[in-house]
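Summary of the model geometry
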Amino acid sequence: MKQHFIIKNNSKRLLLFFAGWGMDETPFLQIRPTDTDWMVCYDYRSLEFDTDLLQEYSEIRLIAWSMGIWVASQLMKQYPSLPISHSIAINGTPYPIHETKGIEPAIFEGTLQGLNEQTLQKFQRRMCGSAAEYKVFQTVAPQRPADELKEELAAIQQQYLSLPPSDFVWQKAIIGKNDRIFLPDNQRLAWKNKVDILEYSEAAHYQQELFESVILQTK
């Protein structure tokens, strides 16, 4: 896994963000928390994580989106002593490949097998929910090639099928009613009786305004 610090404010608090599959830091560069250090995690071809990077922090605020929710859940299970003060999951579930609680296995497999530059653009268009939002996304799209993203998706599949579920408990989940990647009904079923707070948004799977509001208002 690659970690990337965007902002280091010499704070003892860290806002730790796990992005979705296929991401890098580019879509999140304009989000600038001022009262905390800010770290984006992405590229899940490996789940190896250098926790030495986190040792200086007395408080870690955890936010994860999409496939990052499953990844974060796995890592939090491995490192239960991390000082997590609160945790928020956005538009995803701890079951990324699941008939009723995640992405249907056949759809996931079809996305994986058919992935190329053209199908990636179609996926990103669905992810954004509208032509206008997709146009904006293209200005901040990740700078990673499709063959690398195919490796990442295959690694997520292999790791998800081989690793036991995590018992990490999220405090809050946000479900986008217009999510066409993780369907809202599947998210609702996955989080039922699993979180203290369940919120709904009108957002598509990817929506910059939702990320900014959650990240910048996180206290």
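A brief look at the structure comes next. (Residues numbered from 1 in each chain as written. Predicted model: local features only at pLDDT ≥ 70, side-chain atom pairs only at ≥ 80, totals over all residues. Heavy atoms only, no water.)

**What to know about the pattern of salt bridges**
- Going through the model one piece at a time under the given rule, you end up with 13 salt bridges.
- Ionic pairing is found between R13 and D35, a salt bridge with its closest N-O pair at 2.9 Å. Separated by 22 residues along the polypeptide, R13 in strand 2 (residues 13–18) and D35 in the loop between strand 2 and strand 3 (37–42) bring together distant segments of the chain.
- Its relative accessible area of 25% is what places R13 among the partly exposed residues.
- In this structure D35 comes out as partly exposed when scored by relative accessible area, which is 31%.
- With its nearest N and O atoms 2.4 Å apart, the salt bridge here joins D185 to R188. Of this pair, D185 and R188 are both found in helix 6 (residues 184–191), 3 residues apart, which corresponds to roughly one turn of the helix.
- Here the salt bridges do not stand alone but share partners, grouping D43, R45, R144, E148, E151 and E152 into one network. (Salt bridge = Lys/Arg side-chain N within 4 Å of Asp/Glu carboxyl O. Helix = DSSP H or I, 4+ residues; strand = E, 2+ residues; numbered from the N terminus. Buried < 20%, exposed > 50% of the residue type's maximum accessible area, 1.4 Å probe, protein only.)

**Re the sheet that holds strand 1 (residues 2–7)**
- Across the sheet, 7 strands lie side by side as 1-3-2-4-5-6-7; this open sheet has mixed pairing. In this open sheet, the two edge strands, each paired with only one partner strand, are strand 1 and strand 7 (197–201). In this sheet, adjacent strand axes meet at a mean angle of 20° when their direction is disregarded.
- Two strands pair when backbone bridges link them, and strand 2 and strand 3 are joined in this way by 5 bridges, in the parallel orientation. (Pairing = 2+ DSSP bridges. Axes fitted to C-alpha atoms, helices over the stretch in contact; angles between N-to-C directions.)

Just geometry here; none of it tells us what the structure is for.
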